[in-house]
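A closer look at the structure
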Amino acid sequence: MGKSWLPFASYNLWSLFASAVGQEHWHCDMKRGHAKVRKREPDVAAILAQDTVPQTIGLLAQQGVYEFHLNSQRLKDIDGVAQVSEILKLDQQADEVQERLNQILSQYYENPILLKKRIFSLSRGNEGFPEPIKLYYGSITFNLFAAIDCILLEPDGTLHILDLKTGHSDFDERQAFVYLLAASYLFPRKRTIASFYNLELCKWSEPITATMSQLNAVRIELARLAQRHEAEKKQYRKNPAEFDRIFPPNPGFRCQYCQFNSICQFAAQEVSA
Ligand code: SF4
């Protein structure tokens, strides 16, 4: 572990600490234990090495949008969708991934929402970890990780952080707040807004903004989570037998969608109809 290693926070960690509004009763702390604390143990590492279908779709959709804009002639060519499908090697993917990606790419080709925008940055989605932003709160120092998909430059100079989504879950405002907090450090003099666009539903969220005091509250919340996560990680390392006490399971209907159900001794059995 390098000297500069610090506790970390991210939207992903926040979502593993507390589910989005309306999803609270499904929340399972043990998922955080598996995903973030046991991640190097072989059985967990093997699961994390495989992207889930939703993760694969999200990643390929982002790459597809990137490829359309890398060479925007593809948005005019009659076989533009086929060109991008080939670059993404979609024929090597599972049927569900191919079907959904074909729809996503065709919809984007019909309605390329970024075409008339000034793109400040657009990521391919597979660049790895973003550079951490070092934040402080009281005696806590932590690294904030926020991978931003796309930043647009609005005509009035506002930076517009856009997060591209797939799937059917609702937008989580907390993610926008994490982006806005990151932007307040990366581009301190710029007015910034954030929004979500769902590539499958072709639905754009309202723009989200945050006041300085809201961003401060987010920073404090993330600092507390980073510190608590670190403390729980240490507790587990000291006493691995206490895993289920430190990260209590909440088995139920959602276990069938949980990445860790094959190794989780608490996983609720699927109830057949
Ligand atoms: S399988 Fe169920 S109990 Fe186990 S970590 Fe996943 S959601 Fe929690």
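From a predicted model like this one, the values you see are computed outputs, not experimental measurements.

A short note on the domain arrangement of the chain
- Taken domain by domain, the chain consists of domain 1 (40-112) and domain 2 (116-246).
- Contact with domain 1, which involves 19 residues of that partner, is made by 15 residues of domain 2.
- Counting across the domain 1 and domain 2 interface gives two salt bridges.
- Note that glutamate 67 is salt-bridged to arginine 124, the shortest N-O span being 3.1 Å.
- Summed over the shared surface of domain 1 and domain 2, the result is six residue pairs in polar contact (both at pLDDT 80 or more).
- Mapped by element, the contributors of at least two residues to the side of domain 1 that touches domain 2 are α4 (53-70) and α6 (95-110).
- Examining the composition of the side of domain 1 that touches domain 2, we find that 11 residues originate from one element, α4, more than from any other.
- A breakdown of the residues in the side of domain 1 that touches domain 2 according to their chemical character gives 10 nonpolar, six polar and three charged.

Let's talk about the nonpolar core
- Judged by nonpolar contacts, the single largest core of 33 residues is most densely connected at Phe142, Leu144, Ile161, Leu181 and Leu222.
- Tallying contributions element by element places helix α7 (residues 173-186) first for this core, with eight residues.
- Those residues within four positions of phenylalanine 142 in sequence are excluded, and the remaining contacts are Leu6, Pro7, Ala9, Ile133, Lys134, Leu135, Tyr136, Arg219, Leu222, Ala223 and Ala226.

Here we look at the pattern of salt bridges
- Under the defined criterion, the tally for this structure stands at 14 salt bridges.
- In this structure, arginine 228 and glutamate 232 form a salt bridge, with 3.0 Å as the shortest nitrogen-oxygen distance. In this pair, arginine 228 and glutamate 232 are both assigned in helix α8 (residues 212-238), four residues apart and thus about one turn of the helix distant.
- Accessibility expressed as a relative area gives 40% for arginine 228, which makes it partly exposed.
- Residues joined by salt bridges that share partners form a network here, namely Asp29, Arg32, Arg228 and Glu232.

Thoughts on the packing of aromatic side chains
- For the coordinates displayed, the defined rule picks out 11 aromatic pairs.
- Residues phenylalanine 68 and tyrosine 108 carry aromatic rings whose centres are separated by 5.9 Å and whose planes lie at 25 degrees to one another, so their mutual orientation is stacked. You can see phenylalanine 68 sitting in helix α4 and its partner tyrosine 108 sitting in helix α6, a full 40 residues away along the chain.
- Judged by its relative accessible area of 0%, phenylalanine 68 is buried.
- Looking at tyrosine 108, the relative accessible area reads 3%, which means it is buried.
- Both rings, one in tyrosine 236 and one in phenylalanine 243, keep their centres 5.3 Å apart while their planes meet at 65 degrees; by these two values the pair is edge-to-face.
- Through successive ring pairs, a cluster of aromatic residues spans Phe8, Phe129 and Phe145.
- Cation over ring: arginine 38 sits above phenylalanine 243, and NZ or CZ is 5.5 Å from the ring centre.
- Its end group placed over the ring of tryptophan 14, arginine 174 keeps NZ or CZ at 5.4 Å from the ring centre.

Observations regarding the site of the ligand
- The ligand sits among Cys28, Met30, Lys31, His34, Pro249, Pro251, Cys255, Cys258, Asn261, Cys264 and Ala267.
- Split by residue class, the shell around the ligand holds eight nonpolar, two polar and one charged.

Structural notes on the packing of helix α5 (residues 80-87) against α6
- α6 packs onto α5 with a crossing angle of 135 degrees between their chain directions and a minimal axis gap of 10 Å. Judged by the angle between their axes, α5 and α6 are oblique. For the crossing formed where α5 meets α6, the hand is right-handed. Touching Gly80, Val81, Val84 and Ser85 of α5 are Asn102, Leu105, Ser106 and Tyr109, all from α6.

Details of the sheet that holds strand β6 (residues 159-165)
- Spatially, β2-β5-β6-β7-β8 is the arrangement adopted by the five strands of the open sheet, whose pairing is mixed. The open sheet is flanked by β2 (118-122) and β8 (203-204), the only strands paired with a single partner.
- Bridge count for strand β7 (residues 192-198) against β8 is two bridges, and the pairing is antiparallel. In the strand pairing of β8, asparagine 198 is matched with lysine 203.
- The sheet contacts of α4 involve β2 and β6, and relative to β2 the element is tilted by about 130 degrees.
- Helix-sheet contacts for α7 involve β6 and β7, and the interaxial angle to β7 is about 140 degrees.

Quick word on the side chain of glutamine 62
- Assignment of secondary structure puts glutamine 62 in helix α4.
- Among the residues examined, glutamine 62 registers a relative accessible area of 5% and is labelled buried.
- Those residues in contact with glutamine 62, other than ones at most four positions away along the chain, are Leu122, Ser123, Arg124, Gly125, Asp149 and Leu164.

Each value, and the rule that gives it
- Residues numbered from 1 in each chain as written.
- Predicted model: local features only at pLDDT ≥ 70, side-chain atom pairs only at ≥ 80, totals over all residues.
- Heavy atoms only, no water.
- Domains from an automatic or database assignment.
- Contact = heavy atoms within 4.5 Å.
- Salt bridge = Lys/Arg side-chain N within 4 Å of Asp/Glu carboxyl O.
- Polar contact = N/O pair within 3.5 Å; in protein donor to acceptor, adjacent residues only side chain to side chain.
- Helix = DSSP H or I, 4+ residues; strand = E, 2+ residues; numbered from the N terminus.
- Nonpolar A, V, L, I, M, F, W, Y, C, P; charged D, E, K, R; others polar.
- Core = buried A, V, L, I, M, F, W, Y, C linked by side-chain atoms within 4.5 Å.
- Buried < 20%, exposed > 50% of the residue type's maximum accessible area, 1.4 Å probe, protein only.
- Phe/Tyr/Trp six-rings, centres within 6.5 Å; stacked < 30°, edge-to-face > 60°.
- Lys NZ or Arg CZ within 6 Å of the ring centre and 35° of its normal.
- Near = heavy atom within 4 Å.
- Axes fitted to C-alpha atoms, helices over the stretch in contact; angles between N-to-C directions.
- Parallel < 35°, antiparallel > 145°, perpendicular 65-115°, else oblique.
- Left-handed = near helix turned anticlockwise from the far one by under 90°.
- Pairing = 2+ DSSP bridges.

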